[in-house]
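Next come the chains, spelled out residue by residue.
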Amino acid sequence: MSRPHKPGNPLWPIISQIPTPTYRLAKQLNCLLTPYVPCALSLKSPKEFVDILRGARTTGIRASLDVESLFTNVPVDQTIRMMMDRVYRDSVCTPLDIPESMSMLRKSLQACNKDAPFLSPDGHMHTQVDGVAMGSPLGVLFVNFYMGTIEQRVLADMDLRPAIYCKYKRSVVNAYIDRALSHSSGWKQVNEELCRVRQVLVNNGFSNECVEDVIKR
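Nothing here was measured: the structure is a model prediction, and the numbers come from that model.

Quick notes on the rules
Residues numbered from 1 in each chain as written. Predicted model: local features only at pLDDT ≥ 70, side-chain atom pairs only at ≥ 80, totals over all residues. Heavy atoms only, no water. Helix = DSSP H or I, 4+ residues; strand = E, 2+ residues; numbered from the N terminus. Buried < 20%, exposed > 50% of the residue type's maximum accessible area, 1.4 Å probe, protein only. Contact = heavy atoms within 4.5 Å. Areas by Shrake-Rupley, 256 points an atom, 1.4 Å probe, with all protein chains shown as cover. Core = buried A, V, L, I, M, F, W, Y, C linked by side-chain atoms within 4.5 Å. pLDDT = per-residue confidence, 0-100. Salt bridge = Lys/Arg side-chain N within 4 Å of Asp/Glu carboxyl O. Axes fitted to C-alpha atoms, helices over the stretch in contact; angles between N-to-C directions. Parallel < 35°, antiparallel > 145°, perpendicular 65-115°, else oblique. Left-handed = near helix turned anticlockwise from the far one by under 90°. Nonpolar A, V, L, I, M, F, W, Y, C, P; charged D, E, K, R; others polar. Arc of directions from axis to C-beta. Expected span 1.5 Å × (residues − 1).

> Could you clarify how one ought to interpret the overall build of the protein chain in this entry?
When its secondary structure is counted, the protein chain shows 9 helices and 2 strands. Each helix and strand of the protein chain, ordered N terminal to C terminal, gives the series α-α-α-α-α-β-β-α-α-α-α. In the protein chain, which comprises 217 residues, the proportion classed as buried is 38%. The long-range share in the protein chain, meaning contacts at least 24 apart out of those at least 6 apart in sequence, stands at 69%. When the accessible surface of the protein chain is split by element, carbon and sulfur atoms take 54% of a total near 13400 Å².

Structure representation (structure tokens):
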């Protein structure tokens, strides 16, 4: 998929995993692990950020940060280790009713992310051994887990923390909406494409509120 909001319109790989043997397993894992995602710093909507700024009594500068090619740069094995620590060894979380000693959860995550084959445009079969792609039910989960864990660790070790730090990921939604608008030749096709985009994003863990907010803009 082309990313028209980025310089040079770089391509973004979207690999549909619906035909793969691990698709249903990935959806179940996403449901099981989503409650464990570190989300203390995440915002649910732009309005929440505006409310924080209005109630803040701080001085300084405001800055935004962006991770380049986040999905394809997520380290799968490291993120799986983060998930294991969070699920089984974090004192604030209730462990899953899946024995860690059997390595079932770890092996299932590895199978869904590193062993799921896909057919490339050149007709060859490939597996993505690192990084995650849109089109997998676990893509957004891995991104949010990795970034949430990194942010918590970095902020905990800082001597001088920002007065306010929060995140609201909408670049993914923007990319999908921009594509729907730029690749559609009429309003009927726009509506059909937006319906498809809504379903894809919701299936990948984005809220209806977030998607509709971007579409309305």
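> Which parts of the structure should I look at to understand the nonpolar core?
Generally speaking, a soluble globular protein has its nonpolar side chains buried in company with each other. Grouped together as the largest cluster of nonpolar side chains are 31 residues, with contacts concentrated most on Leu33, Met83, Leu105, Leu109, Leu138 and Phe142. Mapped by element, the contributors of at least two residues to this core are α1 (23-33), α3 (70-73), α4 (76-89), α5 (104-114) and α6 (139-156). Ignoring anything within four residues of it in the chain, the contact list for Met83 reads Leu33, Leu109, Leu141, Phe142 and Phe145.

> Is there a simple way to explain the confidence of the model for the protein chain in this structure?
Detailed reading of the predicted coordinates is not advisable wherever pLDDT is low. For the protein chain, the mean per-residue pLDDT works out to 80, and 82% of the residues sit at or above 70. Ranking the helices and strands of the protein chain by mean pLDDT puts α4 first, with 94, and helix α7 (residues 171-182) last, with 66.

> Before we go on, may I ask you to explain the pattern of salt bridges in this structure?
Two side chains that carry opposite charge are able to pair once their charged atoms sit near each other. Going through the model one piece at a time under the given rule, you end up with 4 salt bridges. The salt bridge partner of Glu100 is Arg89, with a shortest N-O separation of 2.6 Å. Residue Glu100 is located in the loop between α4 and α5, and its partner Arg89 is located in helix α4; the two are separated by 11 residues in the primary sequence. Linked through salt bridges whose partners overlap, the residues forming this network are Asp85, Arg89 and Glu100.

> Please clarify how the packing of α1 against α5 should be interpreted in this entry.
The relative placement of two packed helices is expressed as an angle between their axes plus a distance between the axes. The interhelical angle for the contact between α1 and α5, taken along N-to-C directions, is 125 degrees, at an axis separation of 10 Å. Our classification of the angle between α1 and α5 gives oblique. α1 and α5 meet at a crossing whose hand is left-handed. Here Leu25, Ala26, Leu29 and Leu33 of α1 lie close against α5, whose contacting residues are Leu105, Ser108, Leu109 and Cys112. A breakdown of the residues in the contact of α1 with α5 according to their chemical character gives 7 nonpolar, 1 polar and no charged.

> Looking at this structure, I do not really get helix α9 (residues 208-216). What am I missing?
Because each turn of an α-helix spans 3.6 residues, side chains separated by three or four positions in sequence point in the same direction. Every buried residue of α9 is listed here: Cys210, Val211 and Val214. Taken down its axis, α9 places every buried residue within 95 degrees of arc, on the same side. Set apart from the buried face of α9 by more than 90 degrees, the exposed residues are Glu209 and Lys216.

> I'm lost on the environment of Leu25 in this one. Help?
By the element assignment, Leu25 lies in helix α1. By relative accessible area, Leu25 is classed as partly exposed at 36%. Here the alpha-carbon distance between Leu25 and Pro137, two residues 112 residues apart in the chain, equals 9.3 Å. For Leu25, the residues in contact, after removing those within four places along its chain, are Ser108 and Cys112.

> Sorry if this is basic, but what is going on with α4 here?
Between its terminal C-alpha atoms α4 stretches 19 Å, which fits the 20 Å expected from 14 residues at 1.5 Å a residue. Within α4, the full set of buried residues consists of Val76, Thr79, Ile80, Met82, Met83, Met84, Arg86, Val87 and Tyr88.

> Would you explain the environment of Met84 in this entry?
Relative to the elements of secondary structure, Met84 occurs in helix α4. Note on Met84: relative accessible area 2%, which makes it buried. Once the C-alpha coordinates of Met84 and Glu100 are considered, the two residues, 16 residues apart in sequence, prove to be 8.2 Å apart. For Met84, the contacting residues outside a window of four places in its chain are Arg89, Leu105, Arg106 and Leu109.

> Sorry if this is basic, but what is going on with the side chain of Asn30 here?
Among the secondary structure elements, Asn30 is positioned in helix α1. Discounting residues that sit within four places of it in the chain, Asn30 has contacts with Pro137, Leu138 and Leu141.

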